[in-house]
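So you can see what is in the structure, the chains are spelled out below.
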Amino acid sequence: MSVTLGYRHDVSGVHDSGIWSPGITYVTPLSRKAAIGVFASADIVERGYARTYYSVSAAQSAASGLPVYAAHGGLKNWTLGAIASYSLTGDLLHGIKIVGGGTYGRIEGDIARSPLVAIAGARDQWLGTLGLAYTF
């Protein structure tokens, strides 16, 4: 099990703000060949990030047809996910594995009210993956 808290800050000067990312992960082996994990995370954005990526200016409104909107910081999204691994050769520590996972995320708060999400996008975000891995 791990609990994390990350912070990323803009170093290029585009939005001159940061993103806080708390998370929790739990992974456990089920046998010598199989393991599963579950995780949850969130992104909490500062005002500069929200304004840069989710606000709609008057000029942007005229070009896109979306309403003018001024975004503020706060909870941007949360995500829940799961991953599973099964060893096809060897065990969890060595060999070829099949790996699959999926996440569900939801955009929240002020960011969800942005026309970029509410009109042109979607609050619900899904992601799935399936692949092969090799551990040596």
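What you are looking at is a predicted structure, and each value in this text was computed from that prediction instead of being measured.

Enquirer: Which residues make up the pattern of salt bridges, and what values do they have?
Expert: Across all of its chains, the model carries 5 salt bridges by this definition. Here Glu 108 ties to Arg 123 by a salt bridge, and the two come within 2.8 Å at their closest N and O atoms. With Glu 108 in the loop between β5 (95-107) and α3 (109-113) and Arg 123 in the loop between α4 (115-118) and β6 (124-135), this pair connects stretches of sequence that are 15 residues apart. One continuous salt-bridge network, built from bridges that share partners, spans Arg 106, Glu 108, Arg 123 and Asp 124.

Enquirer: Describe a nonpolar patch on the surface, naming the residues involved and giving the relevant values.
Expert: Residues Tyr 86, Leu 88, Ile 96, Ile 98, Leu 130, Leu 132, Tyr 134 and Phe 136 make up a contiguous nonpolar surface patch of about 950 Å² in total accessible area. Contributing elements (two or more residues each) for the nonpolar patch: β5 and β6. Sorting elements by how many residues they give to the nonpolar patch places β6 first, with 3 residues. Along the chain, the position of Leu 130 falls in strand β6. Overall, the relative accessible area of 68% leaves Leu 130 in the exposed class.

Conventions and cut-offs
Residues numbered from 1 in each chain as written. Predicted model: local features only at pLDDT ≥ 70, side-chain atom pairs only at ≥ 80, totals over all residues. Heavy atoms only, no water. Salt bridge = Lys/Arg side-chain N within 4 Å of Asp/Glu carboxyl O. Helix = DSSP H or I, 4+ residues; strand = E, 2+ residues; numbered from the N terminus. Patch = residues over 30% accessible without salt bridge, like charges linked within 9 Å, V, L, I, M, F, W, Y side chains within 5 Å. Areas by Shrake-Rupley, 256 points an atom, 1.4 Å probe, with all protein chains shown as cover. Buried < 20%, exposed > 50% of the residue type's maximum accessible area, 1.4 Å probe, protein only.

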